Amino acid sequence: MPSNPIKSRADGDRLPETPLFDRDRANAGYKLNKMGSSLMKPENRDAFRADEAAYLDRFGLSDEQKTAVTNRDWEEMMRLGGNLFFILKIAAVDPVPITLIGAAQAGMTHEEFLRERLGKS
């Protein structure tokens, strides 16, 4: 029987270069996630599109978080406490293919991600 290579969090398992969404990161990203959650309503998506900077100011995001959202830097949003579920709400406003977000999180170009992770050419 092969040994199970998966370790529990208690064993200190960490995915290399992948931010762990723990309590500290959740607390740091609360405002970012609240803003992302607000985009579930059509009127909020309209307000976001109309004046993104003013919309971000409404939620008191840090300068780093504002920059990450404005630049659509998915990896940085995760690092700053963004929860993928709420970050996807931001992506839906543009709209952005989810594979582009996956590529950013994997540190790959979109083409590399499609080819290497999804087997598409």
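Structure's up top.
1. Observations regarding the pattern of salt bridges
Here comes step 1: What the rule picks out here adds up to seven salt bridges.
Here comes step 2: Across the pair Lys66 and Asp57 runs a salt bridge, and its minimum N-O distance is 2.6 Å.
Here comes step 3: Classification of Lys66 by relative accessible area gives partly exposed; the value is 21%.
Here comes step 4: Each member of the salt-bridge network shares a partner with another, and the members are Glu52, Arg72 and Asp94.

2. Some thoughts on the nonpolar core
Here comes step 1: With 20 residues, the main nonpolar core has Met35, Phe48, Val69, Trp74, Met77 and Ile90 as its most contacted residues.
Here comes step 2: Breaking this core down by element, the ones donating at least two residues are helix 2 (30-38), helix 4 (52-58), helix 5 (63-70), helix 6 (74-79) and helix 7 (84-93).
Here comes step 3: Per-element tally for this core: the top contributor is helix 7, with four residues.
Here comes step 4: Those residues in contact with Met35, other than ones at most four positions away along the chain, are Phe48, Tyr55, Leu56, Phe59, Leu61, Val69 and Ile90.

3. Description of the packing of helix 8 (residues 98-106) against helix 9 (residues 110-118)
Here comes step 1: The N-to-C vectors of helix 8 and helix 9 enclose an angle of 90°; their axes lie 9 Å apart at closest approach. Taken together, the axes of helix 8 and helix 9 are roughly perpendicular relative to one another. Here Thr99, Leu100, Gly102, Ala103 and Ala106 of helix 8 lie close against helix 9, whose contacting residues are His110, Phe113, Leu114, Arg117 and Leu118.
Here comes step 2: A per-class count over the contact of helix 8 with helix 9 returns six nonpolar, three polar and one charged.

Procedures and definitions
Residues numbered from 1 in each chain as written. Predicted model: local features only at pLDDT ≥ 70, side-chain atom pairs only at ≥ 80, totals over all residues. Heavy atoms only, no water. Salt bridge = Lys/Arg side-chain N within 4 Å of Asp/Glu carboxyl O. Buried < 20%, exposed > 50% of the residue type's maximum accessible area, 1.4 Å probe, protein only. Core = buried A, V, L, I, M, F, W, Y, C linked by side-chain atoms within 4.5 Å. Helix = DSSP H or I, 4+ residues; strand = E, 2+ residues; numbered from the N terminus. Contact = heavy atoms within 4.5 Å. Axes fitted to C-alpha atoms, helices over the stretch in contact; angles between N-to-C directions. Parallel < 35°, antiparallel > 145°, perpendicular 65-115°, else oblique. Nonpolar A, V, L, I, M, F, W, Y, C, P; charged D, E, K, R; others polar.

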